[in-house]
Amino acid sequence: MHRFRTTVVRLRPLTAQSQSRPRPAAVGGGSRTFQQPARHLTSSVAAEPFLNGTSLNYVEEMYYTWLENPKNVHKSWDVFFHNANAGAPPGAAYQRPPPLTGTFQGLAGVQALVEAQPNMEKLVKDHLAVQSLIRAYQVRGHHIAKLDPLDISCVDFDDAPCTVGFQNIGLYDLAKCDLDKTFRLPTTTFVGGNESALPLREIIQRLEVAYCQHIGVEFMFINDVEQCQWIRQKFETPGIMRFTLEEKRTLLARMIRSTRFEEFLQKKWSSEKRFGLEGCESLIPALKTIIDKSSLSGVESVIMGMSHRGRLNVLANVIRKELEQIFCQFDSKLEAADEGSGDVKYHLGMYHKRMNRVSNRLITLSLVANPSHLEAVDPVVQGKTKAEQFYCGDTEGKRVMSILLHGDAAFAGQGIVYETFHLSDLPSYTTHGTIHVVVNNQIGFTTDPRMARSSPYPTDVARVVNAPIFHVNADDPEAVMYVCNVAAEWRNTFHKDVVVDLVCYRRNGHNEMDEPMFTQPLMYKQIKKQKGVLQKFAEKAIAEGVITTQDYKEEIVRYDKICEEAYTRSKDEKILHIKHWLDSPWPDFFTLEGQPKTMSCPSTGISEEELGHIGNIAASVPVENFTIHGGLRRILKNRANMVSQRECDWALGEYMAFGSLLKEGIHVRLSGQDVERGTFSHRHHVLHDQNVDKRVCVPMDFVSPDQAPYTVCNSSLSEYGVLGFELGFAMASPNALVLWEAQFGDFHNTAQCIIDQFISPGQAKWVRQNGIVLLLPHGMEGMGPEHSSARPERFLQMCNDDSDVFPKLSEDLAMRQLYDCNWIVVNCSTPANYFHVLRRQILQPFRKPLIVFTPKSLLRHPEAKSSFDDMLPGTHFRRLIPDDGPAASGPQAVKRVIFCSGKIYYELIRERKNRGADDAVAVVRIEQLSPFPFDLVKEETDRYPNADLVWCQEEHKNQGYYDYVKPRIRTTVRRTRPVWYAGRESAAAPATGNKHTHLSELQRLLDTAFDLDAFSGKC
């Protein structure tokens, strides 16, 4: 039994078995972790002055080394530890080792011990100083790294001095005379290579090479020792950044392609916008290096997202899109797309499967189409990546990965970047590590970085998720290649995000037509002097004998010839085929021509037996010994009662739709804030054991033994990021029902970019169908201006149907309308119709986004229930529900037809009953607002030829559905009858904040709706 007792610490007893040094456990590429015994304070530090708080780590370092082998430490340490373990009192443990000529005796020995004490103290302090210096390089070496190719970097570190280098050793109480002294290296550095001690001068030189050249590494904020050690090993190990001749030749060839592609476009179309890559040509070899390394690690699919700068180059030289398909996009005579309205060439996406020449493995590359909203594509890419991982069973992200490209100004300035980062480690959203590549032009459109961000680097947002950040001078292709290799290896090792910051410049303005000298004259004077990166790298490669000048020129000529031949072929292209730019094909879902296999939809009803089975699952707890909340027990009991009575409410209708689709093999994914329970405590798809923490039960998982998986997940408090993610998830496969539910309907407005740029026009721009469902709680409940309106007017305004054109009537009109529309907008008034519209979303032969305005008070409304009869085989979604009361029996006597949608129907029929107007007023519900059911509305207007036509809504006149519905009803009746309005007056806010005012407004609109003389004399 050994004990080490000092005036500062006492280590717990160490058995013979545990004496082996516990701290250097090898991890990965030589990283080490520390498992230190517990420490206990015993007495004053005054007895041994060199043992203070700052030196404690060093002393423990020596102690562990001594435990491994006493010969590994100085003799003085050997004696000290022997005495300390033997129980020497404070101050007496240290003894000077005996001289060669004899032993110390008496006062002479004591005097020598006292004289040696200051030397020992300086030795400890000097070693600690060296450790502090090493750490300073690791923490702040990137401050003085040569990252900016223009050498005008405006990165602002608040004028804090970077205390590294030979000139600053005095700050660590080291002197010039210490530069040639040898110091033992701590385990937190790898600059020694195979050596355990080095002269201080050599230590500094190696740290300068590792941290202060063309690579700047930010990683010391990471709170995982293993990860920090891994990064240190990758950048500090002497000589680690070496490449073979073959690797250098490949790098040069890729630089030639990247550079000459841009030069070819500039030569042929000098006056066209193309958002070229000039100034960051090393991006192409960077991406190809990441893909090569990832493919070698087993990655089979890479999903990429980027904005417009360099997109054509990435399509040509990374995705390997046919050059003629790119070049023909510049032809002004090219006819419009075969379908859709199309998009500009630098927004389009692409999907391609090819052989990777480095790994000799097939790899699928997908570049997702993106609007000009630079970072909007980030969560979409993550969602698509997650979906592909899910469908191929890739639970660790080893087969499918994502790469996101960013601009410096957008990465720092756009909040969606932060939202996307915060999805990176959430269980239902993680993609197990994304590689972020920042094309750091050091400028926005015309805005300097010092005006565009408050942080020193544009990449500082990545620190919130402990992602390492590798800054690299983009004019050093070898450094870029090495950093990208490390980034790919990091992602494969730890499955965490990583950022590569390519510090470069933009040789032209924001686009090729823009004049940057207006706003950045000094920068662009320097850029005009700047030698191109290809020229610099080629000169270096030729000087090193990597390639001859003749071979270099021949390589350029070879690629120029490829471009010229493709240019010639591009002239044969007469029509732009948008399908050639599809980023997410569904080959088995459509015909070979990309058309639906049928134009009919089967019944969306299910059998009575299935309804009963799913209803019983919804009313049960399928796990034994599971204690649920008492209030939830009552809810489940009510569900069981409804099933026994063959009826369902809203929550049970949703359960029936989800459960039946799961049983048919359709994956269902429901995501959003608080969706597991439901904002209004109606859903309860995840049950929580009241006695066991984190023990949950999902009854939907017990519908059938061979059912598809069900995913229900509470999201982070994000709309923009999460809706984008779910859109990407729905993009991957047509055979899944993907739903995003807003906590309240008006919360979708913070995700407006995804709705406006992707969901509404996505198919028209990119010929990309998507079946995502948006559930938006909506209704005027007297709860104030927020959370009342889901803003239906905005969705209806973006519908692509023509209000002035009455469609040609046919048997398949309903399906044709659905096929031609850009999205479907519904406001269901019954659980059965909600059930049907969800099932129709999957059973119809194509995919369209579905916007559902879901209820709040109707969730528990006693009349808002449906019979199983409305959900049986042969039943369908009802686009319009006609009046089935007395008015329908005597249509000639009906004086008014009130068209409405949603919750207001129940207010209207209650008021009609109270007034005894069942014979005089018919109430018709339009359940599907868009595409507008012209044919069914015509049937209703024809049925009641003597009636006034009134549109009634609870929303204000300038909101809601009125402006959309009125012209379409007028078109239906050929403008022969007016359409009157009954509802709230126009207002700026969606609803009043006063309960009394709310009720007064409601009564007023009901009075108007049922006052048969309200519109007399008006025209």
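Residues numbered from 1 in each chain as written. Predicted model: local features only at pLDDT ≥ 70, side-chain atom pairs only at ≥ 80, totals over all residues. Heavy atoms only, no water.

**Some thoughts on empty space enclosed by the protein**
If a probe as big as a water molecule is rolled over the atoms, it shows which places are left empty. The condition is simple: In this analysis the probe radius is 1.4 Å and the grid spacing 1 Å, with only protein atoms considered; a cavity is a set of points the probe fits into but cannot get out of, a pocket is an open set with protein on both sides within 12 Å along at least five of seven lines, and lining residues have an atom within 4 Å of a point. Grid points are joined across faces, edges and corners, and a volume is the space filled by probe spheres set on the points. Runs of H or I in DSSP of at least four residues are treated as helices and runs of E of at least two as strands, each being numbered from the N terminus. By the convention adopted, Pro, Cys, Tyr, Trp, Phe, Met, Ile, Leu, Val and Ala count as nonpolar, Lys, Arg, Asp and Glu as charged, and the other residues, Gly among them, as polar.
In the structure shown here, the tally under the stated rule is six cavities of 30 Å³ or more. When its volume is computed, the largest cavity comes out at roughly 90 Å³. The wall of the largest cavity is formed by 18 residues, among which H778, N827, G902, K903 and E954 lie closest to the centre. Only β23 (850-854) and β29 (948-956) provide two or more residues apiece to the lining of the largest cavity. Broken down by element, the lining of the largest cavity gets its largest block of residues, three residues, from β29. Among the residues making up the lining of the largest cavity, the classes are represented as six nonpolar, seven polar and five charged. There is about 70 Å³ of room inside the second largest cavity. What lines the second largest cavity is a set of 13 residues, and nearest its centre among them are H682, R683, E741, T854 and P855. Counted by class, the lining of the second largest cavity contains six nonpolar, four polar and three charged residues.

**Observations regarding the packing of helix α29 (residues 934-943) against helix α30 (residues 962-972)**
How two helices sit against one another is set out by the angle between their axes and by the gap between those axes. In plain terms, the rule: Throughout, an axis means a line fitted to C-alpha atoms (over the contacting stretch in the case of helices), and angles, computed between N-to-C directions, take values from 0 to 180 degrees. By the definition adopted for this analysis, an angle is roughly parallel if under 35 degrees, roughly antiparallel if over 145, roughly perpendicular if from 65 to 115, and oblique otherwise. In a left-handed crossing the near helix is turned counterclockwise from the far helix by less than a right angle, and in a right-handed crossing that turn is clockwise. Residue contacts are defined here by distance: any two heavy atoms, one from each residue, within 4.5 Å place the two residues in contact.
Running from N to C, α29 and α30 point in directions that differ by 65°, and their axes come no closer than 9 Å. Between α29 and α30, the interaxial angle falls into the category roughly perpendicular. Handedness of the α29/α30 crossing: right-handed. Across from F934, V937, K938 and T941 in α29, the residues of α30 making contact are R968, I969, T971 and T972. Grouping the amino acids of the contact of α29 with α30 by side-chain chemistry returns three nonpolar, three polar and two charged.

**Focus: the side chain of D148**
Selection rule: Buried, partly exposed and exposed residues are distinguished by accessible area as a fraction of the type maximum, computed with a 1.4 Å probe on protein chains only: under 20%, between the cut-offs, and over 50%, respectively. The convention is simple: Lys and Arg are positive, Asp and Glu are negative, and His and the chain ends are not counted. Only one rule defines a salt bridge in this text: a Lys or Arg side-chain nitrogen within 4 Å of an Asp or Glu carboxyl oxygen. Here a polar contact means two N or O atoms within 3.5 Å. Within protein one must be a hydrogen donor candidate and the other an acceptor candidate, and residues neighboring in sequence count only if both atoms are side-chain atoms.
Tracing the sequence through the fold places D148 in the loop between α3 (106-140) and β5 (182-184). The side chain of D148 is buried and forms no salt bridge, while K536, the nearest opposite charge, is found at 9.6 Å. For D148, the side chain forms a polar contact with the side chain of Q442, separated by 2.7 Å. Ignoring sequence-local partners within four residues, the contact set of D148 consists of S153, Q442, N473 and V503.

**Things to note about the sheet that holds strand β12 (residues 434-440)**
Our working definition: Should DSSP find at least two bridges between two strands, the strands are taken to pair.
Reading across from one edge, β7-β13-β14-β12-β11-β8-β10-β9 is the order of the eight strands in this open sheet, with mixed pairing throughout. On the outer flanks of this sheet lie β7 (215-218) and β9 (350-356), each paired with one strand and no other. Averaged over all neighbouring strand pairs, the angle between strand axes comes to 20°, with direction disregarded. Sheet contacts for helix α14 (residues 477-494): β7, β11 (400-407), β12, β13 (469-473) and β14 (498-503); angle to β13, the most-contacted strand, approximately 165°.

**A few points about the pattern of salt bridges**
Counted by the stated rule, this structure contains 51 salt bridges. Across the salt bridge formed by R912 and D883, the nearest N and O atoms sit 2.6 Å from each other. Residue R912 is located in helix α28 (residues 904-915), and its partner D883 is located in the loop between β25 (880-881) and α27 (886-889); the two are separated by 29 residues in the primary sequence. Note on accessibility: R912 and D883 belong to one class, buried. Of the charged contacts, one joins R943 and E940 as a salt bridge, the two residues approaching to 2.4 Å between their closest N and O atoms. Here E940 and R943 lie together in helix α29, a separation of three residues that amounts to about one turn.

**Thoughts on the confidence of the model for the protein**
Quick note on the threshold: Per-residue confidence from the predictor is reported as pLDDT, a score between 0 and 100.
Taken as a whole, the protein shows an average pLDDT of 87; of its residues, 88% reach a score of 70 or greater. Residue range residues 1-46 is modelled with pLDDT below 50. Its contacts to residues more than four positions away, or to other chains, number 109 contacts.

**Description of unusual backbone geometry**
Following S930, the chain continues to P931 via a peptide bond in cis, the omega torsion being 0°. Here P931 lies in the loop between β28 (928-930) and α29. Unlike most non-glycine residues, D151 shows phi in positive territory, near 60°. If you trace the backbone, D151 turns up in the loop between α3 and β5. Overall, D151 belongs to the exposed group, its relative accessible area being 71%. A positive phi is found at V767, a non-glycine position, where the angle reads about 50°. When its relative accessible area of 13% is taken as the criterion, V767 is described as buried.

**Considering helix α19 (residues 630-644)**
Operational definition: Expected span of a helix: the number of residues minus one, times 1.5 Å. To be clear, the arc concerns the directions from the helix axis to the C-beta atoms.
Taking 1.5 Å of rise per residue, the 15 residues of α19 would be expected to cover 21 Å, and the 21 Å separating its terminal C-alpha atoms lies within 8% of that figure. Among all positions in α19, only G631, L632, L636, R639, M642 and V643 are buried. Along α19, the residues classed as buried sweep out an arc of 140° about the axis, all on the same side. For α19, the exposed residues set more than 90 degrees away from the buried face come down to R634, K637 and S644. The elements touched by buried residues of α19 are α18 (608-618), β15 (647-648), α20 (650-663) and β17 (687-688). Count one or two residues on from α19 and you reach R646, which has phi positive near 60°.

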